[in-house]
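# Examining the three-dimensional arrangement
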Amino acid sequence: MGSLKSFIKAVRKAKTIADERAVVRKESAAIRTSFRDATLDQTTRRINISKLLYLYIMGEKTHFGQVECLKVLASPRFADKRLGYLATMLFLDENQEVLTLLTNSLDNDMQHPNAFIVGLALCCLGNIASPELARDLYTNVEKIITTNNTYLRKKACIVAAKLVEKDPDLSEFFLQKIPQLISDKQPAPLLGASKLIQSLYYASEENRPALIKTIPSIVAHLKRVTTSGYMPDYDVMGTTDPFLQVSLLSTLRILATDEQCPAEYLEQVNDILTQVASNLESGKNAAHAILYECVKSIFAIQSDQSLKILGVNILGKFLSTKDNNTRYVALDTLLSVINIEPLAVQRHRSTIVSCLSDGDISIRRRALELSFAILNDQNIRVLAREILVFLEGSADSELKPYATSQLVIAASKYSPNDKWHFDTLIRMLKVAGNYVTSDILSNILALILQCNDGELKKHAVTKLLSSCLEDMSQFSLSLITIWAVGEYGDIVLGSNIEVNGKQVLVDEKKILQLIDDLINNSTYSENENVQLISYILTSILKLSIKFKDSQSIEKLRLMLNSRTYDSNLEIQIRAVEYQEIFAQDAKLKKGLLARMPAPPVKERESLSLNNSSNKKTKSSSSHGSAGTSTTEDLLLDLMDDGGNAPGASTTQNQSDLLSDIFGNNGSTPAAASQTKNSAILDLFDTAPSVPAPPPKSSSATAIPAFNNDNIKVSFTPKSFTQNGQALIEAQVDSNASSVIEHLQLLIAVPKTQKLSISSTSGGDSITPGGPSIYQVLKLAGKEGAKIKLRVKVKYSLDGQVQEDQFDFAGFSQTL
Amino acid sequence: MSIHFLLVLNRQGKTRLIKWFNANYSTQEKQRYVQEIHRLIASRDTKNQSNFVEYQQLKLVYRRYAGLYFISAIDGYDSELSYLESLHFFVEILDTYFNNVCELDLVFNFYKLYAILDEVYLGGELQEILKEKVLERLAYLDKLD
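First, a word on scope: everything that follows refers to the structure included in this document. All values reported here derive from a predicted model rather than from experimental measurement. (Residues numbered from 1 in each chain as written. Chains lettered and ligands numbered in written order. Predicted model: local features only at pLDDT ≥ 70, side-chain atom pairs only at ≥ 80, totals over all residues. Heavy atoms only, no water.)

## A few points about the overall build of chain A
Within chain A one finds 40 helices and 12 strands. When each of the 815 residues of chain A is scored for burial, the buried share is 54%. (Helix = DSSP H or I, 4+ residues; strand = E, 2+ residues; numbered from the N terminus. Buried < 20%, exposed > 50% of the residue type's maximum accessible area, 1.4 Å probe, protein only.)

Set out below in structure tokens:
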């Protein structure tokens, strides 16, 4: 085996990774073998350990050298000890069991007359102390901490801090040394003392009162350092002793934020912070580090108003520097300060905004976050403009979805008027339409739907149209535009819009042209395209009753027809369904293709009566178009809570309407609800001439199972996978005139099957006219078996316990 | 509260110094971290970007000196600026000790590099702030060897 140098050279000489691996493996094996030799001499052992160290740096396994390290460090020679400790600190950590073998050596070395050997042992203990080692050896550290040797004292302070972190019970031994340690005037031991105070503070609450008493001494030290003037030894680029100042400041911060900190101390802290902050010449990193620590303290403790403003101003100054690091911390701190001092932060708005165009993405991200944080109803116009500029100019695709979502939320919160709101959103769609998430999209659609002002609606739709004509590469813009054109094509027909500075008349041809262009646009991804085409198809269908010119209508029909051969199933199904509707007579279509109602706003819904009656008529028209799956999809898209809303609470309503529309049921509004529900079943069973009902709604049809004066139970087959598993949703409605309470559904199945019931949606009571109760049943059994349920319903009505029992086997599908 | 780990990597991602002050990482994690950190930092633009980058729950404070990256990992709430300054302090000592330090010095004298590290940091804490004192002590220790 060669020397360390020749080994390093051999590794470096390796041309390929494979060569290097070969050298490393060979050497590693040789070291292993030599360690097994009981007569190994100390020199070879040292060389081997050195080589192992090199292997460690390269990320190789070194665990087999752990015991050897301990052997080397037990040697009386200083050089051996040094290498041994060095290797021990790297190869071992507090989780290793061999650590116990180290206790004795550390104990001996910490009592060694040579200060450097004591230093090595202290250093080792500080790095890899385990709680056991801490308990075994703290007395040694306790002794060293009071020595006159500053070199050892500073080390002992830090080691003590580490030991207290490992075992908080040791605090009592070191706590009593604090007054002496903190009166030290030399920077290095003071630095260690400051660290020890922090560790003791976090170790136990009992330590805190004693530690708070050190505040005056820390303040005095800071005062001494800041006023001492030039000290060449401790000078870092013109700043005196920045590390000590930073450490003292952070210790001060921890102590002064404690609830028990007396007011007089707080005052002292306030004073010293002011002094430190105003005495420093900024410009260099070291000075900025101190100022930064100061500012952090200012906002952490209860400080004066003037001090807080000074703090924000320092950050403002930081923002205007050229140094990226300083700007980064300034933005970071401002973000945390915004809640404490919103007004002071507002003053730096222009600087913050200018950071939006910074070269560093992490600075841009913080500036963006901060911009949204300072946004309010006063500055929304200015800031929204800046954010739009950012969206337009930047290439940060990861920040854009955040920016668009936040902007939409902010705009709906603070928008000065509706017109501005629409204009901003449309502009956002135009500059960042490819970075809008789907929930934000549906928010915007809902906003258009909810707009009651005809003029404004027209303005919004024309604006969308002109933006889209100018730029078709923005997916969300195209999607919303095509949807709006389908819904509101009639109100924009015949108006003039401006496209790229030219006046353009919106006529049927123009719209046809737009649809055609969008269909042929190839800048979107596969998924986006499918979504867009689906929207376009709906739009085409809706336009078919809005266009007057028979030629244009024919073109619409042709566009629709061409999609009935689409390779995408979703589109094809949709196109075929629409084709059927397209061929219906105008009267029926008018009802089917009426405008979408505004989606219900949750807050309003429960608040005003007036609105709820409005809602009824609206929701009926919504179900007028429920025969087409797209509109239902749209509705689902629009309502955040999607889920089971349309199919659930309105089932009754729906069946009624459906039968009205398709006209094969004579049920009058007065008819009993039972017949209504069966009517919908009839409808689907016996209506081949009806435009294909979407499979979705048929699978979600509730089958009535039980109905009496008090309650109504129905089951909805959710999924029948035909492999012995089924999901069924039970729905319980109230027929009673008062509240039904403590409702319980007990269900039994044949012994060969297994049933699990989820907990109910909502609670266990139904108010008359209130939401129904849903419960999901999961069935498992033999494949092909028929489903039979025996159901017992328990509830209390008007304080009386009622019980109903019935059998149900009404599912056409089997397990 | 203190440095979690300290790394010196060259631009190719070879480790020149690695010291874990926090014992809560497994061997696999350590290896993965080094690779990921190299990728993260080497891809950053030194001129236009700050010397701080978030990594998992930590913040990396790094600085490039010629072909070497000096990286220390600290907690999110710790002061980035002062840890950056302390890295520079460490490098200045290396520079004086090796008399215009270069990567090869660190490769062949890695044990000295660790010895210097142990005089500057203890358990992830800065323990000495006087350059002369550190250098004096190192010179004395070398005599003892």
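## Details of the environment of Gly2(A)
Residue and element names in this part refer to chain A. Within the secondary structure, Gly-2 is located in the segment before α1 (4-13). Using a relative accessible area of 40% as the deciding quantity, one classes Gly-2 as partly exposed. Distance in space between the C-alpha atoms of Gly-2 and Thr-44 is 9.9 Å, their sequence separation being 42 residues. Setting aside anything within four residues of it in sequence, one finds Gly-2 in contact with Ile-47 and Lys-51. (Contact = heavy atoms within 4.5 Å.)

## Some details on the pattern of salt bridges
Evaluation of the coordinates by the stated rule reveals 36 salt bridges over all chains. The partner of Arg366(A) in a salt bridge is Glu54(B), and the shortest N-O contact between them spans 2.4 Å. In this pair, Arg366(A) sits in helix α22 (residues 361-373) while Glu54(B) sits in strand β3 (residues 52-55), so the two residues belong to two different chains. Residue Glu119(B) is joined to Arg137(B) by a salt bridge in which the shortest nitrogen-to-oxygen separation is 3.9 Å. Highlighted residues: Glu119(B) in helix α4 (residues 110-120) and Arg137(B) in helix α5 (residues 131-144), separated in sequence by 18 residues. Across the pair, exposure class does not vary: Glu119(B) and Arg137(B) are buried alike. By sharing partners, the salt bridges in this structure join Asp332(A), Arg366(A), Glu54(B), Lys59(B) and Glu80(B) into a single network. (Salt bridge = Lys/Arg side-chain N within 4 Å of Asp/Glu carboxyl O.)

## Observations regarding the packing of helix α6 (residues 102-110) of chain A against helix α7 (residues 115-128) of chain A
Residues and elements named next belong to chain A. Two elements in contact, α6 and α7, have axes whose closest approach is 8 Å; the angle formed by their N-to-C orientations is 140°. Overall, the two elements α6 and α7 adopt an arrangement that is oblique. For the pair α6 and α7, the sense of crossing is left-handed. Note on element contacts: α7 touches α6 through Ile-117, Val-118, Ala-121, Leu-122, Cys-124, Leu-125 and Ile-128, opposite Leu-102, Leu-106, Asp-109 and Met-110. (Axes fitted to C-alpha atoms, helices over the stretch in contact; angles between N-to-C directions. Parallel < 35°, antiparallel > 145°, perpendicular 65-115°, else oblique. Left-handed = near helix turned anticlockwise from the far one by under 90°.)

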